Amino acid sequence: MRWLVTGGLGFIGSNFIRLALHERPSLEVVNLDAMTYAGNPANLRDIEAEPRYRFVQGDICDPAAVAHAIGDGVDAIVNFAAETHVDRSILDPEAFLRTDILGTHVLLEAVRERSVPRYLQVSTDEVYGDVSEGESTENDPLRPRSPYSASKAGGDLQVLAYRATYGTPVLITRGSNTYGPYQYPEKLIPLFVTNLLDGQQVPVYGDGLQIRDWLHVQDHARGIMHVLECGEVGHVYNIGGGNPWTNIDITRSLVESCGRSMDTHVRYVIDRPGHDRRYAVDTTKARALGWAPRKDFAQGLLETIAWYRDNESWWRPLKSGEFLDYYKRQYAHR
Ligand code: TYD
């Protein structure tokens with residue numbers, strides 16, 4: 001068995017590769033990653049020397065790079081490669097359209113040409129848009145409201161169109177907000193934890209009452225692997241943690257766990273434009289396949305704080321250079 005994983009130097013992709021190599025002793029993994037700002041070789045330092053692992057630097061938008069990574073054939077492609085941060089998509093949408101839509105198209109063409117037996121698109125619950133009540137099921141209409149989620153929805157629609165038109169053996173997973181080790185510190189949890197460890201303030205958007213459903217990265221990676229191996233081709237599977245928390249409750253928990261105070265360390269800032277209030281997914285379909293999340297959120301949050309505390313040498317270099325320019329652009333005038 002050989003799988004091509006794209007974007008495997010990112011947060012969820014690197015956790016997925018580590019899990020897959022560990023759980024499947026005869027599996028080989030080829031990792032095609034463009035090494036953008038969020039693709040970090042340090043995320044997989046511990047398996048670099050593993051003979052069943054091969055790294056190829058390249059962009060999924062480049063058909064030659066994809067062909068090179070496929071080499072003499074793969075049994076599956078799992079596409080994690082994406083621009084993922086909503087706030088960056090508001091500042092610079094084009095990169096999102098390119099990687100998340102065009103890149104998906106290039107991979108689908110490769111699957112078709114090389115008759116790859118399985119293609120899994122890693123997507124997001126954000127494609128459903130704001131869900132004021134209830135839970136999104138896989139057949140619900142897509143109502144994305146940010147350049148990021150619209151790009152991911154465009155990718156999903158390409159994938160489903162290839163199924164209908166060419167019979168391409170595709171699967172889609174739509175994960176909820178993911179947290180855990182190796183997450184680039186622009187996202188809520190790692191940004192806030194690293195700021196708090198440094199004694200800095202954390203910027204809460206608007207009233208902080210937005211709700212996200214939190215999923216530990218190990219549970220997410222296991223869910224993707226389960227759908228890849230057991231899912232029904234042509235189907236979409238929601239993967240959610242079942243942990244709906246408001247941003248302000250998470251903030252309070254992080255502030256207290258880091259020994260800081262809400263009065264001095266929280267700064268309320270102007271809300272994100274088009275900010276979705278709530279996401280929630282129905283995970284009945286993935287559970288019927290035999291997957292379920294295992295990690296308790298309060299416990300997972302404490303473990304995640306401990307990981308960032310113990311791995312300062314991983315995140316400290318990331319919060320410099322380009323990140324500081326981005327941080328200023330994003331937060332200085334709010
Ligand atoms: P984020 O981690 O960016 O994920 P997403 O927007 O894809 O859900 O944000 C999670 C929530 O936290 C979201 O409601 C926006 C909010 N948030 C803040 O309040 N302040 C911040 O600095 C960031 C990055 C996010």
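Treat the numbers as computed from the prediction; the structure is a model and nothing was measured. (Residues numbered from 1 in each chain as written. Predicted model: local features only at pLDDT ≥ 70, side-chain atom pairs only at ≥ 80, totals over all residues. Heavy atoms only, no water.)

Participant: Pulling in residues and values, what's your account of the overall build of the protein chain?
Facilitator: For the protein chain, the helix and strand inventory stands at 13 helices and 12 strands. Here the protein chain has a C-alpha radius of gyration of 19 Å; the compact-globule value for 334 residues is 20 Å, and the two agree. A total of 334 residues make up the protein chain; the buried ones form 55% of that total. Across the protein chain, contacts joining residues at least 24 apart in sequence account for 83% of those joining residues at least 6 apart. If you sum the accessible surface of the protein chain, you get close to 13800 Å²; carbon and sulfur atoms cover 50% of it. Between the centroid of the 35 positive side chains of the protein chain and the centroid of its 44 negative side chains there is a distance of 1 Å. (Helix = DSSP H or I, 4+ residues; strand = E, 2+ residues; numbered from the N terminus. Rg over C-alpha atoms; globule rule 2.2 N^0.38 Å. Buried < 20%, exposed > 50% of the residue type's maximum accessible area, 1.4 Å probe, protein only. Contact = heavy atoms within 4.5 Å. Areas by Shrake-Rupley, 256 points an atom, 1.4 Å probe, with all protein chains shown as cover. Lys, Arg positive; Asp, Glu negative; His and termini not counted. Charge placed at Lys NZ, Arg CZ, Asp CG, Glu CD.)

Participant: Give a detailed account of the packing of aromatic side chains, specifying residues and quantitative values.
Facilitator: The full count for this structure, using the stated rule, is 19 aromatic pairs. Ring centres 6.1 Å apart and planes at 65 degrees place the aromatic pair tyrosine 184 and phenylalanine 323 in the edge-to-face group. In this pair, tyrosine 184 is assigned in the loop between strand E7 (177-179) and helix H6 (188-197) and phenylalanine 323 in helix H13 (residues 322-331), connecting sequence segments 139 residues apart. Considered together, tyrosine 184 and phenylalanine 323 belong to a single accessibility category, that of buried residues. Ring plane angle 75 degrees and centroid distance 6.1 Å describe the contact between tyrosine 308 and tryptophan 314, whose orientation is recorded as edge-to-face. This pair shows no difference in class: tyrosine 308 is buried, exactly as tryptophan 314 is. (Phe/Tyr/Trp six-rings, centres within 6.5 Å; stacked < 30°, edge-to-face > 60°.)

Participant: So what's going on with the side chain of serine 149? Residues and values would help.
Facilitator: In this structure, serine 149 sits in helix H5 (residues 147-166). The exposure class of serine 149 is buried, given its relative accessible area of 0%. Within polar-contact distance, the side chain of serine 149 engages the backbone nitrogen of arginine 145 at 3.3 Å. Not counting chain neighbours up to four residues away, the residues in contact with serine 149 comprise Glu126, Val127 and Pro144. (Polar contact = N/O pair within 3.5 Å; in protein donor to acceptor, adjacent residues only side chain to side chain.)

Participant: Which residues make up the domain arrangement of the protein chain, and what values go with them?
Facilitator: As a measure of interface size, the accessible area lost when the parts come together is often cited. Under the domain assignment, the protein chain is made up of domain 1 (2-178 + 215-239) and domain 2 (183-212 + 243-279 + 296-320). Between the C-alpha centres of domain 1 and domain 2 there is a distance of 25 Å. Contact residues are listed per partner, giving 23 residues for domain 1 and 16 residues for domain 2. When domain 1 packs against domain 2, close to 1800 Å² is buried across both sides, 43% of that on carbon and sulfur atoms. Summed over the shared surface of domain 1 and domain 2, the number is three salt bridges. Among the salt bridges present, the one from arginine 272 reaches aspartate 87, with a minimum N-O distance of 2.7 Å. Taken together, the links from domain 1 to domain 2 amount to 15 residue pairs in polar contact (both at pLDDT 80 or more). Going through the elements one at a time, helix H3 (86-91) and E7 are the ones with two or more residues in the side of domain 1 that touches domain 2. The residue inventory of the side of domain 1 that touches domain 2, partitioned by class, reads seven nonpolar, nine polar and seven charged. (Domains from an automatic or database assignment. Buried area = accessible area lost by both parts, 1.4 Å probe. Salt bridge = Lys/Arg side-chain N within 4 Å of Asp/Glu carboxyl O. Nonpolar A, V, L, I, M, F, W, Y, C, P; charged D, E, K, R; others polar.)

Participant: Kindly report on the environment of leucine 108, identifying the contributing residues and their values.
Facilitator: Positionally, leucine 108 belongs in helix H4 (residues 94-113). For leucine 108, a relative accessible area of 0% corresponds to the buried category.

Participant: With reference to specific residues and values, describe the pattern of salt bridges.
Facilitator: Under the criterion given, the structure shown has 19 salt bridges. For arginine 98, the salt bridge goes to aspartate 59, with nearest N and O atoms at 3.1 Å. With arginine 98 in helix H4 and aspartate 59 in the loop between strand E3 (53-57) and helix H2 (63-70), the pair connects residues that are 39 residues apart, well separated along the chain. Between glutamate 303 and lysine 295 there is a salt bridge; the shortest N-O distance is 2.7 Å.

Participant: So, empty space enclosed by the protein: which residues are in play, and what are the values?
Facilitator: What the rule picks out here adds up to one cavity of 30 Å³ or more. Taken together, Val86, Glu126, Ser146, Ser149, Arg212, Arg272, Pro273, Gly274, His275, Asp276 and Tyr279 form the lining of the largest cavity. Here the lining of the largest cavity is built from residues that sort into three nonpolar, four polar and four charged. Inspection of the lining of the largest cavity shows a minimum of three residues originating in each of domain 1 (2-178 + 215-239) and domain 2 (183-212 + 243-279 + 296-320). (1 Å grid on protein atoms, 1.4 Å probe; cavity = no way out; pocket = protein on both sides within 12 Å on 5 of 7 lines; lining within 4 Å. Points joined across faces, edges and corners; volume = space filled by probe spheres on them.)

Participant: Tell me about the site of the ligand, and please be specific about residues and values.
Facilitator: What surrounds the ligand is a group of 19 residues, the closest being Glu126, Pro203, Arg272, His275 and Tyr331. For the ligand, an oxygen atom lies 2.4 Å from a polar atom in the side chain of glutamate 126. Contact between the ligand and proline 203: a nitrogen atom at 2.7 Å from a main-chain N or O atom of the residue. In isolation the ligand offers 500 Å² of accessible surface; the protein chains occlude 98% of this area. When contributions to the shell around the ligand are tallied by element, the ones reaching two or more residues are H3, H6 and strand E8 (202-205). Partitioning the shell around the ligand into residue classes produces eight nonpolar, five polar and six charged. (Near = heavy atom within 4 Å.)

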